[in-house]
Amino acid sequence: AAHKACDKVLEQGLCVLSGLTIDYVGGQTPRPRTQALRRRVAGEGLLGVLVEAMVAFPHHVNLQVQAMHCLCNVTIHSQETQQQAVDAGVLPAIIQMMRLHPH
């Protein structure tokens, strides 16, 4: 039961991160505040945490989806954060996830 509770806490944490880093304004240009939040998320080492979560819970689909949302939000407009995600091992994690969830 404790393990399930931990999964739920992690999933909720990823929901919060996703909400913090998404840009609700239409168009291609993110708001400066959102950009700063994305950089901060990356700077705090959270990209590595997202990758670890994806690897640690390969069959937890909701968690995988939330982690991917966060990664998309944080890396979409920034080469700097894209590189940080790659350095954190995001590519093998995504490939593993795609193999486990081909549907």
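Residues numbered from 1 in each chain as written. Predicted model: local features only at pLDDT ≥ 70, side-chain atom pairs only at ≥ 80, totals over all residues. Heavy atoms only, no water.

(A) How the structure looks around the side chain of aspartate 7. You can see aspartate 7 is positioned in helix H1 (residues 2–21). Exposure remark for aspartate 7: the relative accessible area of 9% places this residue in the buried category. Not counting chain neighbours up to four residues away, the residues in contact with aspartate 7 comprise Phe57, His60 and Leu63. (Helix = DSSP H or I, 4+ residues; strand = E, 2+ residues; numbered from the N terminus. Buried < 20%, exposed > 50% of the residue type's maximum accessible area, 1.4 Å probe, protein only. Contact = heavy atoms within 4.5 Å.)

(B) Region of the structure containing the state of the cysteines. Within the structure shown, the criterion is met by zero disulfides. With no disulfide of its own, cysteine 70 lies closest to cysteine 15 among cysteine sulfurs, the gap being 7.9 Å. The class of cysteine 70 is buried, set by a relative accessible area of 1%. (Disulfide = S-S within 2.5 Å.)

(C) Examining the confidence of the model for the protein more closely. Per-residue confidence for the protein gives a mean pLDDT of 86; residues scoring 70 or more make up 91%. Highest mean pLDDT in the protein belongs to helix H5 (residues 79–87) (93); lowest belongs to H1 (85). (pLDDT = per-residue confidence, 0-100.)

(D) How the structure looks around the environment of glutamate 52. By secondary structure assignment, the location of glutamate 52 is in helix H3 (residues 46–56). With relative accessibility at 55%, the residue glutamate 52 sits in the exposed group. With 16 residues separating them along the chain, glutamate 52 and methionine 68 place their C-alpha atoms 12 Å apart.

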